[in-house]
Structures are given as structure tokens and as C-alpha cells.
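Architecture at a glance
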Amino acid sequence: MSIKKSILGLGLALFAAGAFAQDRPPYGTEIGVEQAKKIAAGAVAESKKNGWRMAIAIVDNHGFLVYYERMDDTQIASVWVAIDKAKASATFRRPTKAFEDGIAKGRVALLGLSGETPIEGGLPIISGGKVIGAIGVSGANSDQDAAAAAAGLKGAGL
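Residues numbered from 1 in each chain as written. Predicted model: local features only at pLDDT ≥ 70, side-chain atom pairs only at ≥ 80, totals over all residues. Heavy atoms only, no water.

**Concerning the overall build of the protein chain**
A tally of regular secondary structure across the protein chain gives five helices and four strands. For the protein chain, the N- to C-terminal ordering of α and β elements is α-α-β-β-α-α-β-β-α. When the 158 residues of the protein chain are sorted by exposure, 41% land in the buried category. Carbon and sulfur atoms form 57% of the exposed surface of the protein chain, whose accessible area is close to 8,400 Å². (Helix = DSSP H or I, 4+ residues; strand = E, 2+ residues; numbered from the N terminus. Buried < 20%, exposed > 50% of the residue type's maximum accessible area, 1.4 Å probe, protein only. Areas by Shrake-Rupley, 256 points an atom, 1.4 Å probe, with all protein chains shown as cover.)

**With respect to helix α3 (residues 77-92)**
With 16 residues, α3 should reach 22 Å at 1.5 Å per residue; the first-to-last C-alpha distance of 22 Å fits that figure. Within the span of α3, buried status applies to S78, A82, I83, K85, A86, A88, S89, A90 and F92. Buried residues belonging to α3 abut β1 (55-60), β2 (65-70), α4 (97-104), β3 (122-127), β4 (130-138) and α5 (142-155). At the exit of α3 stands R93, carrying a positive phi of roughly 55°. (Expected span 1.5 Å × (residues − 1). Contact = heavy atoms within 4.5 Å.)

**Overview of the pattern of salt bridges**
Any two side chains of opposite charge can pair, given that their charged atoms come close. For the structure on display, the rule yields five salt bridges. Notably, a salt bridge pairs E46 with K49, separated by 3.2 Å at the nearest N-O pair. Of the two residues, E46 and K49 are both situated in helix α2 (residues 33-50); the distance of three residues between them amounts to about one turn of the helix. Of the residues examined, K49 reaches a relative accessible area of 61% and is grouped as exposed. A salt bridge links D145 to K85; the shortest N-O distance between them is 2.8 Å. Taken together, the residues span a long stretch of sequence, with D145 in helix α5 and K85 in helix α3 at a distance of 60 residues. (Salt bridge = Lys/Arg side-chain N within 4 Å of Asp/Glu carboxyl O.)

**Here's the deal with the pairing of β4**
The buried fraction of β4 amounts to eight of the nine residues, a majority that puts the element mostly inside the structure. Relative to β4, β1 is paired through six bridges, and the arrangement is antiparallel. Opposite I58, over in β4, you have I135 as the bridge partner. Hairpin connection, β3 to β4: the antiparallel pair is bridged by two residues, and G128 has positive phi, about 60°. (Pairing = 2+ DSSP bridges.)

**Some remarks on unusual backbone geometry**
Despite not being glycine, D73 shows a phi value in the positive range, around 65°. Tracing the sequence through the fold places D73 in the loop between β2 and α3. Positive phi, close to 55°, is recorded for R93, a residue that is not glycine. In this fold, R93 is placed in the loop between α3 and α4. Judged by relative accessible area, which is 23%, R93 ranks as partly exposed.

**Description of the pairing of β1**
Along β1, six of the six residues are buried, which leaves the element largely enclosed by surrounding structure. Where burial is concerned, the two faces of β1 agree: the one with A55, A57 and V59 and the one with I56, I58 and D60 are both buried. Relative to β2, β1 runs antiparallel, the two being bridged by five bridges. The residue bridging I58 from the neighbouring strand is Y67, located in β2. Where β1 folds back onto β2 in an antiparallel hairpin, the turn is made up of four residues, including G63, whose phi is positive at roughly 90°.

**As for the nonpolar core**
The nonpolar side chains of soluble globular proteins are, as a tendency, buried together. With 19 residues, the main nonpolar core has I56, I58 and I135 as its most contacted residues. Mapped by element, the contributors of at least two residues to this core are α2, β1, β3, β4 and α5. Here this core gets five residues from one element, more than from any other, and that element is α2. In this structure I56 touches A40, A43, V44, Y67, Y68, E69, A82, I135, G136 and V137, once residues within four positions along its chain are discounted. Residues A55, V59, I83 and A90 belong to the second largest nonpolar core, which totals eight residues. (Core = buried A, V, L, I, M, F, W, Y, C linked by side-chain atoms within 4.5 Å.)

Have a look at this one:
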């Protein structure tokens, strides 16, 4: 009986994950280090302007780290969280806030997805309508993390 329930639970989780994964932009050519540095610079500038101490990670469209920067006195945990946010955003082709919102609405099956970080602050990097990477920012409140990430994209013209 327990095996049947486990299989049913797994099936429902996969169904929920499949429904969640629709209508995403396609992957494009991965981001290069120079563009990643420009995006990070915009995130750092926004963070400095607001007095936030942040860790900023830029990954390619496969979720592999391309560029990383940590501001002085950033909390240690933000190192891993920023990278995880960027990976989740790139590999699932959506802002990490989508996971946070889904869980808040009761879609706890999202917690079972491998590689997903359900905390706002990860944004896909889209160029020409295609995902070329993602930025993950951590160090302040999650909405501030997201604001710094968005400023990084805006500063790089994305």
C-alpha cells in the first residue's frame, strides 16, 4: 500500500512540475564572461547605492558558473544561495520568485524539484528572446536581491 501511495505522489509531483514548465523561452548561445561582468557591475552599483552587501553569481544557460562577485562583509550563506538562485533560474528558465509564489499558494510539490531554490533573487538572462544564462543575488531581503539582479540586467541593456 505504501508503494502505491509513493508512486501516486511521485506521479502527481511530476504532473505538477510538467504543468509548471510550460511556455518558457528557448535556450540560446551561452553568456560570455565580459557580458556577465557588465551585468554583475550593474547589480553591485545598485547594491552600493542602497547599502546592501551582496553576493552575485552569473551562470550560463546550463547553470554553470561564469562569473561571481562578493561584496565586502556579505554574509557567508549568501555565497551558496546566490549561485543556487542563478542555477535554478537558468535551468528552469524562470525567475526564482515563481517557485516562491507557487509554494506560497500551496504547490508544495515544487519543493521536490531537484535544483530549485524557491527564494526571490534569481532571474534568467534573456537575449534575442532566448535564455543565455541567469543572475542570482543574495545578501539582503529577497525583494532587494531581486531589485539588484534586475538592475544588473537593466544596466547591461537586457
